Amino acid sequence: MRHFTGIPCPTCGMTRSFMAIGRGDLSQAVAENLFGPILFAGFVIVIVHVTLELLTKHQITALYGQLLRVRKLQISFLMTVLIYHSFRLYHISQTGELFITFSKSPLGQLLLQ
């Protein structure tokens, strides 16, 4: 999305956030994308859960599995991500970076000619 429009998507920075976590730089991880460390922690929990199930050969009921099915929590999480994304877009629009990246994108080149 960012390549074609110059506008970052809600998950932009997630890979850089994961890489920062891998280097042990939590402040950089949060700066890249606030949800990077949260998603990384979720992955670690699921990996430990699946590993334990494979080792014990028993299904283990986990609280997060039940929480992921709650519709209100799903909508709340989606709204939180969208609000965070809106703040990020507002911030980069105030610095002028949003217009610059849009004008250099293929879509911006097409529309601004």
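1. Some words on the pattern of salt bridges
Right, on to step 1. One pass over the structure, following the stated rule, counts 2 salt bridges.
Right, on to step 2. The partner of Glu 97 in a salt bridge is Arg 2, and the shortest N-O contact between them spans 3.3 Å. Of this pair, Glu 97 sits in helix α7 (residues 97–104) while Arg 2 sits in helix α1 (residues 2–5); the two residues are 95 residues apart in sequence, bridging distant segments of the chain.
Right, on to step 3. The exposure class assigned to Arg 2 is partly exposed, which follows from its relative accessible area of 32%.
Right, on to step 4. One salt bridge connects Arg 16 with Glu 32, and the closest N-O pair in it is separated by 2.9 Å. Residue Arg 16 is located in helix α2 (residues 14–23), and its partner Glu 32 is located in helix α3 (residues 26–32); the two are separated by 16 residues in the primary sequence.
Right, on to step 5. Assessed through its relative accessible area of 43%, Arg 16 is described here as partly exposed.
Right, on to step 6. On the basis of relative accessible area, Glu 32 is assigned to the buried category, the value being 17%.

Conventions and cut-offs
Residues numbered from 1 in each chain as written. Predicted model: local features only at pLDDT ≥ 70, side-chain atom pairs only at ≥ 80, totals over all residues. Heavy atoms only, no water. Salt bridge = Lys/Arg side-chain N within 4 Å of Asp/Glu carboxyl O. Helix = DSSP H or I, 4+ residues; strand = E, 2+ residues; numbered from the N terminus. Buried < 20%, exposed > 50% of the residue type's maximum accessible area, 1.4 Å probe, protein only.

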